[in-house]
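Commentary on secondary and tertiary structure
Listed below are the residues making up each chain.
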Amino acid sequence: MKYLVVYFSNSGRTRCVAEAIAHELSADVDEILERKPRFPLLDEEGKPAGGFAMPRAALAGFLGAGSAIKQCSVEPSDYDVVLIGTPVWVGSVVPAVRSYIKQHRKPLKTAAFFCTAGEPEKQRAFTQMGKLARCEPVATLAVHSDDVKANEYGGAVHSFVERVRGK
Ligand SMILES: Cc1cc2nc3c(=O)[nH]c(=O)nc-3n(C[C@H](O)[C@H](O)[C@H](O)COP(=O)(O)O)c2cc1C
């Protein structure tokens with residue numbers, strides 16, 4: 001089986017989880033990049049950056065907007081399973097991942113979703129991602145951003161990977 005991990009990350013938490021998943025699955029990795037990159041919206045401690053960037057990002061998440069993303073270098077149709085990762089903004093999948101799924105939903109054969117969030121149990125991002133991709137994910141994983149910082153997500157990643165493998 002060929003696996004592809006695709007993710008967006010603004011302040012690095014989702015990237016950590018994506019890399020751990022890819023390592024366990026020996027998957028290829030593709031990062032979704034916005035054409036107009038945002039500065040990190042959260043600092044190391046998870047505190048919001050000042051200025052308008054945070055409310056702008058929150059509004060985009062709230063409105064269900066997409067964003068202009070760079071052409072991805074990896075073709076998802078070459079893979080049996082595509083694992084898509086997102087941070088949660090205002091309870092939602094972020095604009096860049098929304099745009100990625102819309103652009104690539106046809107070639108997605110089988111998908112799994114993961115996210116990092118401050119309150120992962122309350123997120124509805126997976127429902128939105130399923131609707132955008134028009135498919136049911138074979139597995140989902142939501143990781144608390146504090147657990148990423150504390151490096152306490154290995155077990156959760158392992159059981160997610162086992163579910164993706166169908167074990
Ligand atoms: C604009 C913005 C809105 C957010 N809204 C939520 C939210 O509604 N619920 C939640 O649990 N976490 C929320 N968060 C926290 C992020 O989902 C969390 O810190 C995530 O791990 C960040 O991922 P990243 O480091 O890969 O960018 C928000 C963060 C930002 C920047």
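Here is what the cut-offs are and how they apply
- Residues numbered from 1 in each chain as written.
- Predicted model: local features only at pLDDT ≥ 70, side-chain atom pairs only at ≥ 80, totals over all residues.
- Near = placed C-beta within 6 Å.
- Nonpolar A, V, L, I, M, F, W, Y, C, P; charged D, E, K, R; others polar.
- Core = buried A, V, L, I, M, F, W, Y, C linked by C-beta atoms within 7 Å.
- Buried ≥ 20, exposed ≤ 12 C-beta atoms within 10 Å, placed from the backbone.
- Contact = placed C-beta atoms within 7 Å.
- Helix = DSSP H or I, 4+ residues; strand = E, 2+ residues; numbered from the N terminus.
- Arc of directions from axis to C-beta.
- Axes fitted to C-alpha atoms, helices over the stretch in contact; angles between N-to-C directions.
- Parallel < 35°, antiparallel > 145°, perpendicular 65-115°, else oblique.
- Left-handed = near helix turned anticlockwise from the far one by under 90°.
- Pairing = 2+ DSSP bridges.

Okay, the site of the ligand next. In the vicinity of the ligand there are 24 residues, among which S9, R13, T14, P87 and A117 approach most closely. Split by residue class, the shell around the ligand holds 10 nonpolar, 11 polar and 3 charged.

Among soluble globular proteins, nonpolar side chains are generally buried collectively. Grouped together as the largest cluster of nonpolar side chains are 47 residues, with contacts concentrated most on V5, I21, L83, I84 and V97. Every residue in contact with V97, bar those within four places of it in the chain, is listed here: F8, I32, I84 and T86.

As a further point, take helix α4 (residues 125-133). Along α4, the positions that sit buried rather than exposed are A125, F126, M129 and A133. Relative to the axis of α4, the buried residues are bounded by an arc of 95 degrees and lie together on one face. The secondary structure elements touched by the buried residues of α4 are β3 (81-89), β4 (92-93), α3 (95-104), β5 (110-117) and β6 (140-144). Of the residues trailing α4, R134 is marked for its positive phi of about 55 degrees.

Let us now look at the packing of helix α1 (residues 13-25) against helix α6 (residues 154-165). The interhelical angle for the contact between α1 and α6, taken along N-to-C directions, is 50 degrees, at an axis separation of 10 Å. Our classification of the angle between α1 and α6 gives oblique. Between α1 and α6 lies a crossing of right-handed hand. Contacts from V17, A20, I21, E24 and L25 in α1 reach G154, V157, H158, F160, V161 and V164 in α6. Looking at the contact of α1 with α6, its residues break down into 8 nonpolar, 2 polar and 1 charged.

With respect to the helices, strands and loops of the structure, I32 is situated in the loop between β2 (28-31) and α2 (53-63). The buried category is assigned to I32, around which 21 C-beta atoms lie within 10 Å. Residues I32 and L141, spaced 109 residues apart in sequence, show a C-alpha to C-alpha distance of 19 Å.

Examined bridge by bridge, β5 and β6 share 5 bridges and lie parallel to one another. Residue pairing for β6: T116 is matched across the bridge by V143.

This part is about the packing of α3 against α4. The contact between α3 and α4 brings their axes to 8 Å, and the two run at 25 degrees. What the angle tells us is that α3 and α4 run roughly parallel. Both α3 and α4 take part in a crossing whose hand is right-handed. Only M129, L132 and A133 of α4 make contact with α3, whose side of the interface consists of R98, I101 and K102. Within the contact of α3 with α4, the residues separate by chemical class into 4 nonpolar, no polar and 2 charged.

Read these as layout, nothing more, since geometry by itself doesn't imply function.
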